[in-house]
Amino acid sequence: MKNFKKLYPVQILALFFIVVIIIGSFLLTMPISSSSGVMTNYLDALFTATSATSVTGLVTLDTGTYWSPFGTTVILMLIQIGGLGIMSFTTFGVLKYGNKISLYTSLLMKEALNVDEFQGMSRMIRYVIIFVVAVELLGMIFLSFVFVPKYGLFHGLYVSLFTSISAFCNAGFDIFGNFSSLTSYYSSAYVLIICMALIILGGIGFSVITEFIIYRYTKKISVTTKVVLVTTFFLVLIGAALYFIFEYDNPLTFQNMSLGNKVLNSIFSSVSPRTAGFNSIDLSGIRSGTVFLTCILMLIGGSPGSTAGGIKTTTFGVIILSIYHYIRNKNRTIVLGKEIPAKTINKAFIVSFVALFFISTFVILISMTNKDASFRSIVFEVFSAFNTVGLSLGLTSELNGLGKILIILAMYLGRVGTLTLIFAFTNKHDNSKKSSSIKYPEVKITVG
């Protein structure tokens, strides 16, 4: 235990997901996990466990038909664990018995929930647990009005619960069968709106949610929360408008829909790619412009401290603001009357660059190992995997062994976070003070 506490919180978080994935993969290989009662190939089980724990949603085996009720329950548990992270569970146990949270535990929570402040951490985690359970149960109740009449009482409730948790955790797993996702419900505004609400609530960020719960009667809403809300609103609005324009007359997607369904599916297609992984239209038929738009939305992802992946809405917002002020020849980046520190701006650009670097690397490697796959489907697959989305143009089940391993690595890196993983296994903390005390002469380098 002493050696365990010597690890940095980011190291524990990175190792925790590995342990969960390994346990989950072994459970999924067992005959009881498959509907046919046979053992599952370990690589496929590992792929599924990684996808569930990283709340991605890419699958090599159809979730609804291949896995038994035991297997889908294991997947559901992995989704819940991966969506909330380690400290949402361990801290709940601490709070249940009224014990105070130590500084070390707070550090772990800070990494798991991706928040910057320690104040009110125990109160925050309490609200998170209550909110998550309440929203997922409400989602199950609302969805049961559709699924219970279709599947019967017990299976209908299970389908409702599975879909609700998968949507809230931005996992994108479904048990409808035949890799169909929500395509059977493209004309059901009721189902799509409920799923969109769950996706947005899961991807908006726990700190944003708790701020509204705690400060709902005051004006103490932080700048970060305002940036999250404004960025999210414009991403959904602009994304929906572009989906509508790109796919309006596409005979493989929107052409035969009513105007109302075109608008509905445009909005859903704008919300889901920012890490949820559900699709209401057949993605294999979307146009190239839509593919590129979807990749951009997948890269941006959700918000800090949420179940979502991607570089995060705040990172994107900071980059846009800094570029805007630079174009206007401003030396400082101001938002809502406050200056964004240079350190934050640098981190935003570094996070984006590192993400694109890893995505590019995985695209090249998968292109080399899966030579028959189209470049378009490979790029889409890697963006989806690394940003823990789960959408696919049909490549996932066609990947060879090396391709599956590369996608597994991409999903893990995307869930843990590249910078988190880098800091976890470097001596960053030891060298920070030493480097900060050394001053060097400035040099001008021509760029651009």
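All values reported here derive from a predicted model rather than from experimental measurement.

Caption draft 1: A look at the packing of aromatic side chains. Per the counting criterion, the structure on display carries 13 aromatic pairs. Pairing Tyr66 with Trp67 gives two aromatic rings, centres 4.8 Å apart and planes at 85 degrees, and the pair type is edge-to-face. You can call Trp67 buried: its relative accessible area is 4%. Ring geometry for Phe147 against Phe176: centres 5.4 Å apart, planes inclined by 50 degrees, an arrangement best described as tilted. Separated by 29 residues along the polypeptide, Phe147 in helix H8 (residues 121–151) and Phe176 in the loop between helix H9 (153–168) and helix H10 (189–203) bring together distant segments of the chain. Just as Phe147 is buried, Phe176 falls in that class too. One aromatic cluster in this structure is built from Phe147, Tyr151, Phe176 and Tyr185.

Caption draft 2: Fine view of the packing of H9 against H10. Direction vectors running N to C along H9 and H10 enclose 40 degrees, while the axes themselves pass 7 Å from each other. Comparing their axes, H10 and H9 come out oblique. Judged by residue contacts, Thr163, Ser164, Ala167 and Phe168 of H9 engage Cys195, Leu198, Ile199, Leu201 and Gly202 from H10. Its residues placed into classes, the contact of H9 with H10 shows 6 nonpolar, 3 polar and no charged.

Caption draft 3: Layout of the confidence of the model for the protein. Chain-level statistics for the protein give a pLDDT mean of 84 and a share of 81% at 70 or above. Scored below 50 in pLDDT, residues 89–98 makes 16 contacts in the model with residues more than four places away or belonging to other chains.

Caption draft 4: Molecular detail of the environment of Val59. Turning to its location among the elements, Val59 is positioned in the loop between helix H3 (42–53) and helix H4 (63–66). Once the C-alpha coordinates of Val59 and Gly390 are considered, the two residues, 331 residues apart in sequence, prove to be 8.1 Å apart.

Caption draft 5: Quick look at helix H13 (residues 259–271). The end-to-end C-alpha separation of H13 is 19 Å, in line with the 18 Å expected for 13 residues at 1.5 Å each. All of the buried residues along H13 are Asn261, Lys262, Leu264, Asn265, Ser266, Phe268, Ser269, Ser270 and Val271.

Caption draft 6: Expanded view of helix H17 (residues 375–386). With 12 residues, H17 should cover 16 Å at 1.5 Å per step; its first-to-last C-alpha distance of 16 Å lies within 8% of that length. Those residues of H17 that fall on the buried side of the exposure criterion are Ser377, Ile378, Val379, Phe380, Glu381, Val382, Phe383, Ser384, Ala385 and Phe386. Looking one or two residues beyond H17, the residue adopting positive phi is Thr388, at roughly 50 degrees.

Quick notes on the rules
- Residues numbered from 1 in each chain as written.
- Predicted model: local features only at pLDDT ≥ 70, side-chain atom pairs only at ≥ 80, totals over all residues.
- Heavy atoms only, no water.
- Phe/Tyr/Trp six-rings, centres within 6.5 Å; stacked < 30°, edge-to-face > 60°.
- Buried < 20%, exposed > 50% of the residue type's maximum accessible area, 1.4 Å probe, protein only.
- Helix = DSSP H or I, 4+ residues; strand = E, 2+ residues; numbered from the N terminus.
- Axes fitted to C-alpha atoms, helices over the stretch in contact; angles between N-to-C directions.
- Parallel < 35°, antiparallel > 145°, perpendicular 65-115°, else oblique.
- Contact = heavy atoms within 4.5 Å.
- Nonpolar A, V, L, I, M, F, W, Y, C, P; charged D, E, K, R; others polar.
- pLDDT = per-residue confidence, 0-100.
- Expected span 1.5 Å × (residues − 1).

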